[in-house]
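# A closer look at the structure
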Amino acid sequence: MKTVAIVPAAGSGSRMNREISKQYLSLAGKPVLVRTLEVLEACPGVHGLLVVAPPQDVASVRTDVLAPWSLKKVAGVVPGGKERQDSVRAGIDALDPDVDVVIVHDAVRPLITVELIDRCLRAAAECGAATVGVPAQDTGKEV
């Protein structure tokens with residue numbers, strides 16, 4: 001079975017109030033998007049990765065964000081839509097017809113683990129579909 005992960009990375013990150021979108025921010029020396037893709041790439045059950053980027057960023061994501069990191073499973077970068085569901089749809093529409101299983105994982109959630117992805121894939125194989133949920137953790141803020 002061929003499994004491809006669609007990685008929506010077309011958001012503007014406007015709530016972060018930064019000059020650049022959060023998927024391009026550095027996390028321990030690498031863009032957040034790259035950190036997320038590295039985990040998905042390390043998963044043996046994932047055969048390909050498809051990044052969905054802002055339309056104006058497609059070329060620069062290929063050359064400036066992805067190329068320096070030698071990600072072997074990235075099959076392509078496609079333009080996203082106005083809303084997240086539009087971007088996911090753009091990713092689905094860009095898939096090869098031989099893809100059997102699709103994973104959708106947000107580009108700015110880099111702390112996913114290979115183990116969690118594998119567990120989700122096993123659950124999907126057993127039940128026909130699966131989703132991952134983890135308990136929310138309160139964030140303390142001092143004002």
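Everything here concerns the structure above.
Scope of this entry: the structure provided in the associated data block. Throughout, a residue's number is its position along its own chain's written sequence, starting from 1. In keeping with the model being predicted, local features are shown solely for residues with a pLDDT of at least 70 and side-chain atom pairs are shown and tallied solely at 80 or more, while totals for entire chains, interfaces and linings include all residues. Side-chain measures here rest on the full set of heavy atoms in the structure, leaving out hydrogens and waters.

## A closer look at the pattern of salt bridges
For salt bridges, the criterion is a side-chain nitrogen of Lys or Arg within 4 Å of an Asp or Glu carboxyl oxygen. Scanning all chains against the criterion turns up 6 salt bridges. Note that Asp-96 and Lys-2 form a salt bridge whose closest N and O atoms lie 4.0 Å from each other. Pair noted here: Asp-96 is in the loop between helix H3 (84-94) and strand S6 (101-104) and Lys-2 is in the segment before strand S1 (3-8), with a separation of 94 residues, a long-range link. We classify Asp-96 as partly exposed; its relative accessible area is 47%. Overall, the relative accessible area of 25% leaves Lys-2 in the partly exposed class. One continuous salt-bridge network, built from bridges that share partners, spans Lys-2, Asp-96 and Asp-98. Elements are defined by DSSP. Helices are runs of H or I of four residues or more, strands are runs of E of two residues or more, and each kind is numbered from the N terminus. Whether a residue is buried, partly exposed or exposed follows from its accessible area with a 1.4 Å probe, protein chains only, as a fraction of its type maximum: under 20%, in between, or over 50%, in that order.

## Here's the deal with unusual backbone geometry
The phi dihedral of Ala-28 falls on the positive side, at around 55°, and the residue is not glycine. If you trace the backbone, Ala-28 turns up in the loop between strand S2 (26-27) and strand S3 (30-31).

## A closer look at the layout of surface pockets
Empty space within the largest pocket amounts to approximately 790 Å³. Lining the largest pocket are 32 residues, and of these Val-104, His-105, Asp-106, Ile-112 and Val-132 sit closest to its centre. Listing elements by their share of the lining of the largest pocket, those giving two or more residues are helix H1 (32-42), S6 and helix H4 (114-127). A per-element tally of the lining of the largest pocket places H4 first, with 6 residues. The residue classification treats Ala, Val, Leu, Ile, Met, Phe, Trp, Tyr, Cys and Pro as nonpolar and Asp, Glu, Lys and Arg as charged. All others, Gly included, are polar. By residue class, the composition of the lining of the largest pocket is 24 nonpolar, 5 polar and 3 charged. With a 1 Å grid laid over protein atoms only, a set of points is called a cavity when a 1.4 Å probe fits there but cannot get out and a pocket when it is open yet has protein on both sides within 12 Å along at least five of seven lines; lining residues have an atom within 4 Å of a point. Grid points are joined across faces, edges and corners, and a volume is the space filled by probe spheres set on the points.

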